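The primary structure of each chain is shown beneath.
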Amino acid sequence: MSAKYVVACDGSKASGRALKFAIEQAKSSGASLLLVHVLEWSPYSFLTPEEIEERHKRRNEELERAKTALIDPLVESTRAEGVEATSIIRYGHVTETIADIAEKEAAKQIFIGRTGHSNLVKIVFGSVAAAMAQIAPVPCTIVP
Amino acid sequence: MKKNKLLAGVTALGLAVLSSSALAQSVDETVNQMFSSATGWFVNFIFSPFPGTSFPWIVAWLVVAATVFTLYFGFIQFRAFKHSISLVKGDYSDPNDAGEVSHFQALATALSGTVGLGNIAGVAVAVGIGGPGATFWMILAGLMGMASKFTECTLGVKYRNEYADGTVSGGPMYYLTKGFAERGLPGGRFLAILFSVFCILGALGGGNMFQANQAHQQISGIVGGYPGWITGLVFAGVVFAVIVGGLKSIARVTEKVVPFMGILYVGAAIVILIMNYDKIGWAFGQIFAGAFTGLGVAGGLVGALIQGFKRAAFSNEAGVGSAAIAHSAVRTKEPITEGFVSLLEPFIDTVVICTMTALVIIITGQLLVDPATGLYLVEGGRIVTEGGTSGVGLTSAAFANAFSWFPYVLAVAVILFAFSTMISWSYYGLKAWTYLFGEGKSKEITFKVIFCIFVVIGAAANLGPVIDFSDAAIFAMAVVNIIGLYCLMPIVKRELNSYLSRLKSGEIKKFK
């Protein structure tokens, strides 16, 4: 069984660079890629009664959109490069969910792009890539 | 064409409300008279006492039901309390289902509909009339009410309607129809229609006009008197933007601020209790002594009991059926889990928040005692208070005793609570409306516009009889709903036994 690499995909340019780099690595090592897209979601946020009623419908719509507009084309293009690819779309806290999936899928490595926001943005919101490096259960490659 | 007519109607009503205050005054009086003569019998019937006593039968109806459910389900509120908390924490939630409404979100939304004036003003009324002993009966009623909530919310989820597009509709009207049919009982459809009618009236009254009215009184109490229709129009505008315009951001802000306000309120109460820690033992002594002796309060023991029971029922709405509507939209494989989660509601609402209010009022010495006899000074059926305050004013004065700035925070809290209660009840009313008239955009808009018009009317006028009527309508919901709960409780028992045995066998497992 070949090694599996998790790639964090959110449609940004940075995640595109991460995927490109991961494909290069996979080609040389014969690994397969698992493209992970996480929709930010907290079970402790507050919703109005109407939002609660429509939640299931919206969730299906959001999953469908993420699949058709983002993940499926990426899987296609990865396969076109000759690298085997699968995908997971999940709701949750971005870094925790990616770490969780990497662990469950026994991935060998995580690839994540760095957006390179200004220092101020980093101070206020933190950086997903930095947080990933902190909690990754397997080696984590941050692609600039 | 239909839309135009509707618009014309709205404009006409708006103009009527906007017209000179003198005219509005006479309009008020006419409406008052018409209303009280037409509906007085209904109000009197709902709130009528048992012959020869001053104990309203509707209060007994709610308390007896809560007791029956408590015994029938073997004190489920205590047995399942720990499990309820793990459900809310998400210990049993499948990570693959993330993105669906969580138990926590359902609970928070339902709570924002019940936490409100009842917790702040209602408790002050209870303690002001019934004395500290009312607190004891209020807590007891809150604990029993947990079993009523458990029953109705389980049924709400079990018998909801699910539509092809993934949206759901649920509530007592659906379990009355479908549950009765399943058990082969007659009259389900009739009860469901009756419930829906009362629910719409309750939504427009207690869930809307009363809230708008109280919010206006708070605002004008701070900035000085000004016409109520201004508050009404602003509120109606915001409510319209949220429920018709779908402006989720406003709702989201309130939904975030309301829990924060709740925490701030309880936090402030705890700080006051800590500051007066030496009096806590004494306060509980007063509560227990008052519960069984009345401490010389008007009405004695029975007076304390009625006030306590009544306020608990007003505040946590257990048995009314409203919570069953709110909880039924949650997506869960096990309807009973929503019942477990909902039983926390009366606990948080009544046992925690209401008790805090009562303790602060008692500890800060708002209720005046006759130094000669050691009994409370009673005048005109209520205990004499420091500065002669009552209702929100009494709570406000109690908190101001420790923090002079707190009345402003309290005013903001009351306004926000009123707003979130309105949003919740607009949804309950809408569900009853679509049950009666069918689903559909134009039908929904019609109700929502009517709802907004009633916000203006509620804030503008001092419509005592209308508010009495709408309170009566909310309790009439409980009459219908509880009949249904008695008939359907074996179904809940079956669900409960099945779930508990699967939990024990490990078939239902923790994910965390």
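Above this text you will find the structure in question.
Remember, it's a predicted structure, so these values are computed and weren't measured experimentally. (Residues numbered from 1 in each chain as written. Chains lettered and ligands numbered in written order. Predicted model: local features only at pLDDT ≥ 70, side-chain atom pairs only at ≥ 80, totals over all residues. Heavy atoms only, no water.)

One finds B:Phe150 and B:Phe340 to be the most contacted residues of the largest nonpolar core, which totals 153 residues. It is helix α19 (residues 406–437) of chain B that contributes the most residues to this core, 18 residues altogether. A:Val38, A:Ile88, A:Ile110 and A:Ile112 belong to the second largest nonpolar core, which has 17 residues in total. (Core = buried A, V, L, I, M, F, W, Y, C linked by side-chain atoms within 4.5 Å. Buried < 20%, exposed > 50% of the residue type's maximum accessible area, 1.4 Å probe, protein only. Helix = DSSP H or I, 4+ residues; strand = E, 2+ residues; numbered from the N terminus.)

Our focus in this paragraph is the packing of helix α9 (residues 172–183) of chain B against helix α21 (residues 464–505) of chain B. All names here are of chain B. Look at α9 against α21: their axes get within 10 Å of each other, and the N-to-C directions meet at 55°. Here α9 is positioned oblique relative to α21, judged by the angle of their axes. When you trace α9 past α21, the crossing you get is left-handed. Judged by residue contacts, Pro172, Tyr175, Leu176, Gly179, Phe180, Glu182 and Arg183 of α9 engage Val480, Asn481, Gly484, Leu485, Cys487, Leu488, Pro490, Ile491 and Arg494 from α21. Grouping the amino acids of the contact of α9 with α21 by side-chain chemistry returns ten nonpolar, three polar and three charged. (Axes fitted to C-alpha atoms, helices over the stretch in contact; angles between N-to-C directions. Parallel < 35°, antiparallel > 145°, perpendicular 65-115°, else oblique. Left-handed = near helix turned anticlockwise from the far one by under 90°. Contact = heavy atoms within 4.5 Å. Nonpolar A, V, L, I, M, F, W, Y, C, P; charged D, E, K, R; others polar.)

Further remarks concern the pattern of salt bridges. Applying the stated criterion across every chain, the model contains 18 salt bridges over all chains. Across the pair A:Glu53 and B:Lys431 runs a salt bridge, and its minimum N-O distance is 2.9 Å. One end of the pair, A:Glu53, is in helix α2 (residues 49–80); the other, B:Lys431, is in helix α19, on a second chain. Judged by its relative accessible area of 14%, A:Glu53 is buried. Residues participating in the shared-partner salt-bridge network are A:Glu54, A:Arg58 and A:Glu61. (Salt bridge = Lys/Arg side-chain N within 4 Å of Asp/Glu carboxyl O.)

Here we take up the interface of chain B and chain A. Between chain B and chain A, the contact holds 37 residues from the first and 20 residues from the second. At the boundary of chain B with chain A, total buried surface from both sides reaches about 2,600 Å², with 58% on carbon and sulfur atoms. For the interface between chain B and chain A, the tally reads three salt bridges. Between A:Arg59 and B:Glu100 there is a salt bridge, and its shortest N-O distance comes to 3.6 Å. Summed over the shared surface of chain B and chain A, the number is ten residue pairs in polar contact (both at pLDDT 80 or more). Within the residue set of the side of chain B that touches chain A, elements represented by two or more residues are α5 (81–89), α6 (103–114), α12 (248–275) and α19 of chain B. Looking at which element gives the most residues to the side of chain B that touches chain A, the answer is α12(B), with six residues. Taken together, the residues of the side of chain B that touches chain A sort by class into 16 nonpolar, nine polar and twelve charged. (Buried area = accessible area lost by both parts, 1.4 Å probe. Polar contact = N/O pair within 3.5 Å; in protein donor to acceptor, adjacent residues only side chain to side chain.)

What follows is about the pairing of strand β4 (residues 109–113) of chain A. Residue and element names in this part refer to chain A. Taking burial as the measure, the five residues of β4 include five buried ones, the bulk of the element. Bridging between strand β1 (residues 4–8) and β4 involves three bridges; their strand directions are parallel. Paired with valine 6 across the two strands is isoleucine 110, which belongs to β4. (Pairing = 2+ DSSP bridges.)

This part covers the packing of aromatic side chains. The full count for this structure, using the stated rule, is 33 aromatic pairs over all chains. Residues A:Tyr5 and A:Phe111 carry aromatic rings whose centres are separated by 5.4 Å and whose planes lie at 50° to one another, so their mutual orientation is tilted. Taken together, the positions of A:Tyr5 in strand β1 and A:Phe111 in strand β4 put the pair 106 residues apart, joining distant regions of the chain. For the pair A:Tyr5 and A:Phe111, one class covers both residues: buried. With 5.1 Å between their ring centres and 80° between their planes, A:Tyr44 and B:Phe104 make a pair best called edge-to-face. Within this pair, whereas A:Tyr44 is found in the loop between β2 (32–40) and α2, its partner B:Phe104 is found in helix α6, the two belonging to separate chains. Taken together, the aromatic side chains of B:Tyr72, B:Phe73, B:Phe150, B:Phe340 and B:Tyr499 make up a single cluster linked through ring pairs. Above the plane of the ring of B:Tyr159 lies B:Lys158, whose end atom (NZ or CZ) is 5.7 Å from the centre. (Phe/Tyr/Trp six-rings, centres within 6.5 Å; stacked < 30°, edge-to-face > 60°. Lys NZ or Arg CZ within 6 Å of the ring centre and 35° of its normal.)

That is the geometry; function is a separate question.
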